[in-house]
Number of protein chains: 2
Amino acid sequence: MKLYGYFRSSAAYRVRIALALKGLTFENIPINLVPGVSQQKSEDYRAVNPQGRVPFFEDGAVAISQSPAILEYLEETFPEVPLLPTGTADRAVVRQLASLIGCDIHPLNNLSVLQTLKHDFDASQGAVDGWYHKWILEGFGALEALLANTAGEFCFGDSPTLADIYLVPQVWNARRFEVPLSAFPLIEKVDAACNALEPFKKAAPENQPDAPQE
Amino acid sequence: MKLYGYFRSSAAYRVRIALALKGLTFENIPINLVPGVSQQKSEDYRAVNPQGRVPFFEDGAVAISQSPAILEYLEETFPEVPLLPTGTADRAVVRQLASLIGCDIHPLNNLSVLQTLKHDFDASQGAVDGWYHKWILEGFGALEALLANTAGEFCFGDSPTLADIYLVPQVWNARRFEVPLSAFPLIEKVDAACNALEPFKKAAPENQPDAPQE
């Protein structure tokens, strides 16, 4: 299995966590998304993934982008360590938490979106930061309310699920943009519980080969 | 089953298509999202769905928002008319197409996003339209390229899948905002094939009880 990613990409980070939780080994191929380098636009990478985005995942005949699709594929193909509960009602709840992050928060805070705000709307860094904070604060507010009904040690009960796989990269990004998280005690508690586990540590941006040495 | 929706909401439209394709009957409860009316913010609706968004779906003990979660729930609970193919590789491809629309296009063109551009970035209607067109054109460009490898009569082969359920509402919205679609012949062809089917017609915005009478 090969994963084309970028240490700081939330969507690649999700896939790394899932692979690590399931104990799967894979080739981790960094694609440098930094503006100016933009390796995702290179001919070499376009030959692998014409859409030129990360993550891109290969497993034999399967070659797909889109982290939600990759994660469901991993769950169906390697069910031994499950990332979804058993019952359909519980699975729906976990997927709801994941989608809240994956659809309502993350797409609005993507690098290409922030750059469009700067270039096409002449937005100052302060205005872009305000945009970033707005979607995280709104989304985390909704998520915190849902977690009051679902969380145990993790987002749903006492073992990690797909919901935690979405949560941890989003919290990592929120901290990077200095979004205050004190209004979200359940989110902070679950994030801490996840980051105490080896698979989450292994998948963290700072532990990737393309992370800058501090 | 109850679906709280809005005739023009893409995400509610997706769920209506899935329910219709599976031949399921449900109570269709309109929530008027028009700015100024904003029924989603009413106390009555907040008592049903504290997050105050649509769609919101109820089936006995299951009460969830987020169309991707609702659609996977319907697929798991009512598998008789499948919306995903059988093999894991094929399922991954269909979910990739769906996520491209559900994560890369639709969240950026949501009503709340367009209003934020106007209010917080002082964007003109022309600039907002430019933003809207940009994400559709980029996303449809990527989708058209993928469809060259996957499409038959529909997005994936010759029967409707989850991918078509995402595509048709996005095309409907693109037309509403007058995005030129001539560069996407496969998208247009698949959209036409879908809209010739009774379940897609039944789910269309103009055929909902809350659509304005023309």
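This is a predicted model, so every value here is computed, not measured.

*Asks:* I'd like to hear about the pattern of salt bridges, residue by residue, with values.
*Replies:* Considering all chains together, one arrives at 16 salt bridges over all chains under this definition. Here B:Glu76 makes a salt bridge to A:Arg95, at a shortest N to O gap of 3.1 Å. In this pair, B:Glu76 sits in helix α3 (residues 67-77) while A:Arg95 sits in helix α4 (residues 88-105), so the two residues belong to two different chains. According to the relative accessible area criterion, B:Glu76 is partly exposed, its value standing at 25%. For A:Arg95, a relative accessible area of 6% gives the class buried. Here B:Asp191 and B:Arg175 are joined by a salt bridge, their closest N and O atoms 3.0 Å apart.

*Asks:* Any chance you could break down the relation of the copies chain B and chain A for me, citing the residues and the numbers?
*Replies:* By a simple turn and slide, chain B fits onto chain A: the slide is 0.0 Å along the axis, the RMSD is 0.0 Å, and the turn is 180°. Classification of the inter-copy transformation places it as that of a two-fold axis. Minimal C-alpha distance to the rotation axis in chain B is attained by B:Cys103, lying at 2.7 Å. Both copies contact each other with a shared surface, as 100% of the interface residues of chain B are interface residues in chain A too.

*Asks:* With reference to specific residues and values, describe the interface of chain B and chain A.
*Replies:* The interface of chain B with chain A comprises 38 residues on the first partner and 38 residues on the second. Both sides of the chain B and chain A interface together cover about 3300 Å² of buried area, and 66% of this is carbon and sulfur. At the surface where chain B touches chain A, the tally comes to eight salt bridges. Taken together, chain B and chain A are joined by ten residue pairs in polar contact (both at pLDDT 80 or more).

*Asks:* Now, about the domain arrangement of chain A: what can you tell me, with residues and values included?
*Replies:* Residues and elements named next belong to chain A. Here chain A is partitioned into domain 1 (2-81) and domain 2 (88-200). Using only C-alpha atoms to locate each centre, domain 1 and domain 2 end up separated by 20 Å. Counting residues at the interface gives 14 residues for domain 1 and 18 residues for domain 2. Approximately 1600 Å² of surface area, both sides summed, lies buried where domain 1 meets domain 2, with 62% of it carried by carbon and sulfur atoms.

*Asks:* Any details on the packing of helix α5 (residues 111-121) of chain B against helix α6 (residues 125-150) of chain B? Residues and values, ideally.
*Replies:* All names here are of chain B. Two numbers describe how α5 lies on α6: the axes approach to 10 Å, and their chain directions differ by 140°. Here α5 lies oblique to α6, going by the angle between them. In terms of crossing hand, the pair formed by α5 and α6 is right-handed. Across the interface between the two elements, Val-113, Leu-114, Leu-117 and Lys-118 of α5 pack against Gln-125, Val-128, Trp-131 and Tyr-132 of α6. Tallied by class, residues from the contact of α5 with α6 come to six nonpolar, one polar and one charged.

*Asks:* Break down the side chain of B:Asn49 for me, citing the residues and quoting the values.
*Replies:* Secondary-structure assignment places B:Asn49 in the loop between α2 (43-48) and β3 (56-59). Of the polar contacts made by the side chain of B:Asn49, one reaches the backbone oxygen of B:Arg53; its length is 2.8 Å.

*Asks:* Before we move on, can you summarise the state of the cysteines with the specific residues and values?
*Replies:* In protein chemistry, a disulfide is the covalent bond that joins the sulfur atoms of two cysteines. Residues and elements named next belong to chain A. Inspection of the entire model under this criterion finds zero disulfides over all chains. The cysteine Cys-194 is free of any disulfide, with Cys-155 supplying the nearest cysteine sulfur at 6.4 Å. Its relative accessible area of 0% is what places Cys-194 among the buried residues.

*Asks:* So what's going on with unusual backbone geometry? Residues and values would help.
*Replies:* Residues and elements named next belong to chain A. Geometrically, the link from Val-54 to Pro-55 is a cis peptide bond, its omega value of -5° lying close to zero. Mapping Pro-55 onto the fold places it in the loop between α2 (43-48) and β3 (56-59). Residue Gln-66 is not a glycine yet carries a positive backbone phi of 75°. Overall, Gln-66 belongs to the buried group, its relative accessible area being 8%.

*Asks:* Let's hear about the sheet that holds strand β2 (residues 27-30) of chain B: which residues, and what values?
*Replies:* Hydrogen bonding along the main chain pairs the strands of a sheet, whether they run parallel or antiparallel. Residue and element names in this part refer to chain B. Ordered in space as β2-β1-β3-β4, the four strands form an open sheet in which the pairing is mixed. Edge positions in the open sheet fall to β2 and β4 (62-65), since each of these has one partner strand only. Across this sheet, the average inter-strand angle for adjacent strands is 15°, counted without regard to direction. Bridge count between strand β1 (residues 2-5) and β2: four bridges; the pairing is parallel. Bridged to Tyr-4 within β2 is Ile-29. The sheet contacts of helix α1 (residues 10-21) involve β1, β2 and β3, and relative to β1 the element is tilted by about 150°. Most of the contacts of α3 go to β4, to which it runs at about 140°, and overall it touches β3 and β4.

About the criteria used
Residues numbered from 1 in each chain as written. Chains lettered and ligands numbered in written order. Predicted model: local features only at pLDDT ≥ 70, side-chain atom pairs only at ≥ 80, totals over all residues. Heavy atoms only, no water. Salt bridge = Lys/Arg side-chain N within 4 Å of Asp/Glu carboxyl O. Helix = DSSP H or I, 4+ residues; strand = E, 2+ residues; numbered from the N terminus. Buried < 20%, exposed > 50% of the residue type's maximum accessible area, 1.4 Å probe, protein only. Least-squares fit on C-alpha atoms with pLDDT ≥ 70 in both. Contact = heavy atoms within 4.5 Å. Buried area = accessible area lost by both parts, 1.4 Å probe. Polar contact = N/O pair within 3.5 Å; in protein donor to acceptor, adjacent residues only side chain to side chain. Domains from an automatic or database assignment. Axes fitted to C-alpha atoms, helices over the stretch in contact; angles between N-to-C directions. Parallel < 35°, antiparallel > 145°, perpendicular 65-115°, else oblique. Left-handed = near helix turned anticlockwise from the far one by under 90°. Nonpolar A, V, L, I, M, F, W, Y, C, P; charged D, E, K, R; others polar. Disulfide = S-S within 2.5 Å. Pairing = 2+ DSSP bridges.

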